[in-house]
Each structure stands twice: as structure tokens, then as C-alpha cells.
Amino acid sequence: MNRSSLIQSQQWLISILAIIVLFFDTTCISAAQAKILPRLSVKRPPFLGEPAKFSEPVSEDLQTFYYNQTLDHFNYRPESYTTFEQRYVMNFKYWGGANASAPIFVYLGAEADLDSDMSGVGFLNDNAHRFKALQVYIEHRYYGKSIPFGLTEEEALENANIRGYFSSAQAIADYAEVIIYIKKKLFAENSPVIVVGASYGGMLASWFRLKYPHVTLGALASSAPILYFDDITPQNGYYSVVTKDFREASESCYKTIRESWSEIDRVAAEPNGLSVLSKKFKTCNQLNNSDELKDYLRILYAVAAQYNDPPLYPVTMVCGGIDGAPKGSDILSRIYAGLVAYEGNMSCYYTYITDDSQTIRGWGWQKCSEMVIPIGRGDNDTMFPLAPFNLTTFSRDCTSLYGVPPRPHWVTTYYGGHDIELILRRFASNIIFSNGLRDPYSSGGVLKNISQTVLAINTVNGSHCLDILLATSTDPDWLVMQRKAEVEIIESWIAQYYVDLHAMKK
């Protein structure tokens, strides 16, 4: 790939992953802007000149299938029985077969085309040989090639009646149907199932184990912020972790960023100030207001923190640029140096990108219906400007877009979350909640063991979904040990299942 292509690829991916902040930062979102909504993404964008990581050998072993999925699992109206084609992909390469009751690993697709995750998620394929496991990847309804009525996603979302079937509850019911169908088709009713998910998919994996324990033996939920609903997690949790990441990397870097917001506003207020800022930061388009630049930088810092992966450690890259600026540089020159260190030296930088991808559209609806995660920022509690979450404003803007208000308490009503230690201690089993504590979303995750089988595996230096990505020879020891611990726990679940299965057959 040439340099020009790499630059275009990076800026496109950065624009997609700008969603990580906007996904939750719903304070001042307008009806016009609300279409550009973020999601929880599994992977970070590549840096300039960095080769992309793909699981090339795996692709040759993948087989694609389609299941005639039920449109509405929870009603008995005639239209509820309508079906649509849901895509799933299987890899039989290492499977020990139904006669051996060999396990089935199932990856639960999230808010994206299934292909994008299969190229980078390595946990299933990296461990399938050890477990002699069948690998199954199921696409989430309304994404990729799994959209009802043969419509495009845009067409489906424009129809209020059709988008009403687009929910997490319908999605995990889909997964249950597909898994049961596969096991029956392969005469593998006794094969234990382990579901794996990351980010939003990690939430689905944990909820799937709670709702369908008869379908899956256990779940690995990577970077799943299931406690970032209602008032369970403080609003500023996300940005507090971003701030902590930068402060630990460099106190002077942290202070520079903290002081930069008022300096941007000061310059913007001067005659021709926006032109001065546009020139200083080499923006591809003239800035219309100071918020465009501040939002762009806020997103950049959040992406760096969320995907603060080894060996590059993006937060260190940004701070290296800020602290390494020529002696005597003013605040904004140092901030610009951090931007260049992270994104590369480009001819210009897009500070406001209107992406209308399938993911942005789909997640926009999910966010405005049930995935209401109240991330905000208080006064002087992070290195970012004040921006508290305002549910009234958020509900008004979602209603203007979709004609219905969000249900901000539905997730905790349907799946739980309040008093989770007390409730799940006796009710749940066989769930691993894995988190990297440098991931801002870890602030809404389960970080303590709840019981002997509902376990939290944390890494101090870990980032978002890092444990389920492709293993490499350069992975640090702490990451290797995290994955090893997860595998050993899953092995214990399966071993006990086989003991129980054998006893039942006597």
C-alpha cells in the first residue's frame, strides 16, 4: 500500500472510530449531528505506515451460510413470523466432531459487518486447535448482510415499523436460534458452547449467558461496560480514565492539554481567530467554530487512550509529540505537535467528517432506543471542558430523529446491573469479564470477582478488547498471561461439563 493510500485509510478509520466519544457524549448533540453517531469498536485504526493485522490463513477455512431468521421473537402476530436471511460463518478446521462432543466457540457479532471483526479477532482461531473447537461467527441483525426484507440498512431504518425489530433482545434471541439450529444440523446437541464477544458484543455475550444458560455453557465478555447505564457508574468515568492515562504518561503533557481548551477559545474569539486556528492546525476545511477543533482533539485523545495498545502505546506517542515540541513553543504549537505524532505528517487534517456508514446509522438508532450510556464531564474533574450528560436534551433530539423517545432504563430493567454483586453471586455462573484498566470503558465494567465462576480478569496496562485480538510474537507477558488465564478458566468449565455429561449418561 502506498503512502497516499495509507493516509486515506487512516483518516477514514479515524473518522469511524471518532464514534467512541460521540457514542456516549450526548450532551449537546443536535438532530442534524445525531446521525453521525459512534459505536464501541473492537479494533483501533492503524497508524501511518503500520501494516494491518489480518488472519490470512483463517479465511481459507471459513464457510458462509444463511439462516432463515424469525423477524420478531416476542410476538405472535402474523407479521412476526416473517423471516430474513441472517449470515453466519463457520470454520471446521480443528473441530473434533459431534461424536466427541467437541466444543463450539461462537463469536457474537456486534454493530458492524461481520467481516470487519473476523479479520482481527483472534481468540477463537488461536485457541480452536487446543480445544478441538468448531468456530462460528454470527452477524448481528441489521448489519452487514443480515438486514430484514432484503432492504438496505438506510431503507430499514427509515421505516418506523421495520426498525422497531432492531434491538439487543431480538439480536440475542437470533443467536440462540442459530446456535440451536447448528447443533441440531450437526448432531452436536452434546457439544458445549462458549460465546465470545467484545465491547458491545461483550455486553451481548454476558447477557446471552444470563438469558440463555441452556444454550451456552459460558461467556467471555471482553471490555463490556454493562454497568454504564442509569446512575451505576459516575458520568465522568470514561473521561477520568482518559485523563489518568495521559497524566501517568506525562504530567506536563496532561497540563498542556488541560490548558489548551481555554487557549483555543481565546484565539477563536480574536479577529480572524478561526482562520488562525485553521492555519495552525492545517485543517482541510475552514473551522466554523472553536468546538469543531476541540471536539476533534478530544476524540483523538479518547481514541489514543481507548486503544493504548502495545507496542506503540498511542498515548505515549501523543505526549511524546507534545513534550518533544521545540523549546519555547506555545501551547497550541505543542498540541499540534501531538496531533502530528499521532496521525502522521499530513497535508491537512479533517476535523469534521460526516460519515454515513451502515455502522454509524445502525448504532445511531441503538443509542437512541435502548443503549443510553450517560457519559459526561463535570467541572474540573477531568482534563476536558465541562459537559454534563443531559437526558432531557438527549431524549428530545432522539425523538426529533426517530419519532420515539429512548428508554434509558430498559437495559437495567431487562438485563440487570444494579446491585450486580448481590444479584449475580447466586444467580449467574461461567462468565469472564475481561478488562484493560487503561481502557476508558473499563470504568463501566465488572472489575471484581462476583463468585467462583463469575470472574473479572484485569490487566493494569491493557486497552480495549486487546485480549481477544490476534496473538502476536511481540505481545507483552502480561497480555499472554491474561489470555492464558481465560483459556484455563474455559477449560475448567468444559471439563466439568464433560464430567456432568458422563454422569447423566450412566
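Keep in mind it's a predicted model, so treat the numbers as computed, not measured.

1. Focus on the overall build of the chain
A count of helices and strands for the chain gives 20 helices and eight strands. A burial count over the chain gives 58% of its 506 residues as buried. Partitioning the intrachain contacts of the chain with sequence separation of at least 6 by distance along the chain shows that 75% fall at a separation of at least 24.

2. Observations regarding the nonpolar core
Membership of the largest hydrophobic core comes to 110 residues, with the highest contact counts inside it found for Trp-207, Phe-208, Phe-246 and Tyr-301. Counting residues per element, this core draws most heavily on helix α13 (residues 290-306), which supplies ten residues. Each residue touching Trp-207, except ones within four places of it in the same chain, is listed here: Ile-172, Ile-226, Phe-229, Met-371, Val-411 and Tyr-415.

3. A closer look at the confidence of the model for the chain
Summing up the model confidence of the chain, the mean pLDDT is 90 and the portion of residues at 70 or higher is 88%. Segment residues 1-16: pLDDT under 50, and 29 contacts once partners within four positions in sequence are set aside and those in other chains are kept. Within the model, the stretch residues 18-39 combines pLDDT values under 50 with 80 contacts to residues more than four positions away or in other chains.

4. Some words on helix α14 (residues 314-323)
Within α14 the residues assigned to the buried category are Pro-314, Val-315, Val-318, Cys-319, Gly-321 and Ile-322. Taken down its axis, α14 places every buried residue within 155° of arc, on the same side. Contact partners of the buried residues in α14: α10 (237-249), α11 (251-268), α13 and α15 (331-343).

5. Structural notes on the packing of helix α5 (residues 123-131) against helix α20 (residues 477-505)
α20 packs onto α5 with a crossing angle of 50° between their chain directions and a minimal axis gap of 12 Å. Considering their axes alone, α5 and α20 lie oblique with respect to each other. For the pair α5 and α20, the crossing hand works out as right-handed. Contact residues: Phe-123, Asn-127, Arg-130 and Phe-131 in α5; Glu-486, Val-487, Glu-488, Ile-490, Glu-491 and Ile-494 in α20. Looking at side-chain class alone, the contact of α5 with α20 contains five nonpolar, one polar and four charged residues.

6. As for the pairing of strand β4 (residues 134-138)
Among the five residues that make up β4, five are buried, leaving the element largely enclosed by the rest of the structure. Going residue by residue along β4, you find Leu-134, Val-136 and Ile-138 tucked away on one face and Gln-135 and Tyr-137 tucked away on the opposite face as well. Pairing of strand β2 (residues 83-91) with β4 involves four bridges; the strand directions are antiparallel. Looking at β4, one finds that Met-90 is bridged to Val-136. Summarising the sheet, strand β3 (residues 104-108) and β4 pair through five bridges and their orientation is parallel. Directly across from Tyr-107, in β4, lies its bridge partner Tyr-137.

7. Brief notes about the sheet that holds β2
Spatially, eight strands are ordered β1-β2-β4-β3-β5-β6-β7-β8 in an open sheet, and the strand pairing comes out mixed. Single-partner strands in this sheet number two, and they are β1 (62-70) and β8 (454-459). Averaged over all pairs of adjacent strands, the angle between their axes in this sheet comes to 20°, without regard to strand direction. The pairing of strand β7 (residues 431-436) with β8 spans six bridges and is parallel. Following the sheet pairing, Asn-435 is matched in β8 by Asn-458.

8. Details of helix α9 (residues 200-211)
In a regular helix each residue adds 1.5 Å, so twelve residues correspond to 16 Å; α9 covers 16 Å between its end C-alpha atoms and thus fits that length. The element α9 is extensively covered by neighbouring structure, given that eleven of its twelve residues are classed as buried. Of the positions making up α9, those classed as buried are Tyr-200, Gly-201, Gly-202, Met-203, Leu-204, Ala-205, Ser-206, Trp-207, Phe-208, Arg-209 and Leu-210.

9. A word on the packing of aromatic side chains
Under the criterion given, the structure shown has 24 aromatic pairs. By way of ring pairs, the aromatic residues Tyr-238, Tyr-239, Phe-246, Trp-261, Tyr-301, Phe-384 and Tyr-441 are connected into one cluster. Above the face of the Tyr-414 ring, Lys-211 is positioned so that its terminal group lies 4.0 Å from the ring centre. When the ring centre of Tyr-239 is taken as reference, the NZ or CZ atom of Arg-377 above it lies at 4.6 Å.

10. Some thoughts on the pattern of salt bridges
If you walk through the whole model with that rule in mind, you get 19 salt bridges. Close ionic contact of Arg-87 with Asp-115 constitutes a salt bridge, the shortest N to O distance being 3.2 Å. In this pair, Arg-87 sits in strand β2 while Asp-115 sits in helix α4 (residues 114-118), placing the two residues 28 residues apart along the sequence. For Glu-491, the salt bridge goes to Arg-130, with nearest N and O atoms at 2.8 Å. Of this pair, Glu-491 sits in helix α20 while Arg-130 sits in helix α5; the two residues are 361 residues apart in sequence, bridging distant segments of the chain. We classify Glu-491 as partly exposed; its relative accessible area is 28%.

11. Quick look at the state of the cysteines
Throughout the structure, instances matching the rule amount to three disulfides. Between the sulfur of Cys-253 and that of Cys-319 lies a disulfide, 2.2 Å long from S to S. The chirality of the disulfide connecting Cys-253 with Cys-319 is left-handed, given an S-S dihedral of about -75°. In this pair, Cys-253 sits in helix α11 while Cys-319 sits in helix α14, placing the two residues 66 residues apart along the sequence. Exposure class is identical for Cys-253 and Cys-319. Each is buried. Two residues share a disulfide in this structure: Cys-284 and Cys-348, whose sulfurs sit 2.0 Å from each other. Negative torsions about the S-S bond denote left-handed disulfides, and the value of about 95° found for Cys-284 with Cys-348 makes this one right-handed. Within this pair, whereas Cys-284 is found in the loop between α12 (273-280) and α13, its partner Cys-348 is found in the loop between α15 and α16 (358-369), the two being separated by 64 residues in sequence.

12. Topic: the environment of Ile-494
Among the structural elements, Ile-494 can be located in helix α20. We classify Ile-494 as buried; its relative accessible area is 5%. Sequence-wise, Ile-494 and Ala-102 are 392 residues apart; in three dimensions their C-alpha atoms are separated by 9.6 Å. The contact partners of Ile-494, leaving out residues within four places of it in the chain, are Pro-103, Phe-131, Pro-192, Ile-194 and Leu-217.

Definitions and cut-offs
- Residues numbered from 1 in each chain as written.
- Predicted model: local features only at pLDDT ≥ 70, side-chain atom pairs only at ≥ 80, totals over all residues.
- Heavy atoms only, no water.
- Helix = DSSP H or I, 4+ residues; strand = E, 2+ residues; numbered from the N terminus.
- Buried < 20%, exposed > 50% of the residue type's maximum accessible area, 1.4 Å probe, protein only.
- Contact = heavy atoms within 4.5 Å.
- Core = buried A, V, L, I, M, F, W, Y, C linked by side-chain atoms within 4.5 Å.
- pLDDT = per-residue confidence, 0-100.
- Arc of directions from axis to C-beta.
- Axes fitted to C-alpha atoms, helices over the stretch in contact; angles between N-to-C directions.
- Parallel < 35°, antiparallel > 145°, perpendicular 65-115°, else oblique.
- Left-handed = near helix turned anticlockwise from the far one by under 90°.
- Nonpolar A, V, L, I, M, F, W, Y, C, P; charged D, E, K, R; others polar.
- Pairing = 2+ DSSP bridges.
- Expected span 1.5 Å × (residues − 1).
- Phe/Tyr/Trp six-rings, centres within 6.5 Å; stacked < 30°, edge-to-face > 60°.
- Lys NZ or Arg CZ within 6 Å of the ring centre and 35° of its normal.
- Salt bridge = Lys/Arg side-chain N within 4 Å of Asp/Glu carboxyl O.
- Disulfide = S-S within 2.5 Å.

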